[in-house]
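Given next are the chains, with one letter for each unit.
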Amino acid sequence: MGVVLMLAEMKRLAISYGEWLKENTTVREGDGWLEITTPFLDRHNDALQIYVCRRDGQFVLTDDGYILRDLAVSGFQLTSDKRRELLTQTLNGFGVRQSGDALEVIASETNFAARKHDLLQAMLAVNDLFYLAQPSHDSFFQEEVTEWLDSQEIRFARDMRLFGKSGLEHSIDYVIPKSVRQPERLLQGLSQPSRQMTRNSVFTLTDIRSARQNQTALYVMLNDQAPSGVPTDVLSAFEKYDITPILFSQRDNYAEELAA
């Protein structure tokens, strides 16, 4: 009975997410481009916008350079090999390319929705790199998580692309394979445990779990190193959907569970 109820809740979540996207997306035409305003928010709480045009029978979707220019104004510069490598790695995880300052994807009519989803998720992920510009963050949070997993001898595959029940393809930071004692585990690292990123992560993880045939366990590693910490409603949101939130400061408490 519990499994049936959980599946029903996951289905309700997927439907409500789609309705939320539809109701909060607007399209405006101008100068040969379509401007799509989405409900996804950047770190300024401004709605992300993307621009679409037709080129050679395909669709070009771009952020028109907004994300990288905004990071540059905020103090984040691609001045080191490590930062450029992290940017490239992040974009490759979503199949997005850099064209000058712009983040860009090419889509057809059949995969337009999926590629739009990829671009938006890449914009949010690159926006997350802002934390590299802060003095208190000497390294990218994902790299800290990776180093910890390695130190605990936890087996994982990184930056995997998995399909959800919705048909959308998602980027997962870490997939920990099934063992005799534990099921397959998916782990996302969130350096910005905001409400927006929480909403995105809940949908991504539960959408994938709904499409898997095994009892996949879900985890998020939350960066609580900032003075503001992690809001309690963020923790409760993950717990509501059977996703285990792990505070980075308390990560060692979960080492045995993830390594098993």
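These lines cover the structure that appears in this document, whether it is placed above or below. (Residues numbered from 1 in each chain as written. Predicted model: local features only at pLDDT ≥ 70, side-chain atom pairs only at ≥ 80, totals over all residues. Heavy atoms only, no water.)

**Concerning the sheet that holds strand S11 (residues 243-247)**
Taking strand neighbours across the sheet as the criterion, the five strands line up as S7-S8-S9-S10-S11 in an open arrangement whose pairing is mixed. Each end of this open sheet is capped by a strand with a single partner; those strands are strand S7 (157-163) and S11. Across the sheet, the mean angle from the axis of one strand to that of its neighbour is 40 degrees, orientation sign disregarded. Pairing of S7 with strand S8 (residues 169-176) involves six bridges; the strand directions are antiparallel. Residue pairing in the sheet places Met160 in a bridge with Ile172 of S8. Packing of helix H7 (residues 232-240) onto the sheet brings it into contact with strand S9 (185-190), strand S10 (217-222) and S11, and relative to S11 it is tilted by some 145 degrees. (Pairing = 2+ DSSP bridges. Helix = DSSP H or I, 4+ residues; strand = E, 2+ residues; numbered from the N terminus. Axes fitted to C-alpha atoms, helices over the stretch in contact; angles between N-to-C directions. Contact = heavy atoms within 4.5 Å.)

**With respect to the pairing of S11**
With four of five residues buried, S11 is to be regarded as a mostly interior element. When S10 meets S11, the two strands line up parallel, connected through five bridges. Looking at the pairing, Val220 lines up with Pro245 of S11. (Buried < 20%, exposed > 50% of the residue type's maximum accessible area, 1.4 Å probe, protein only.)

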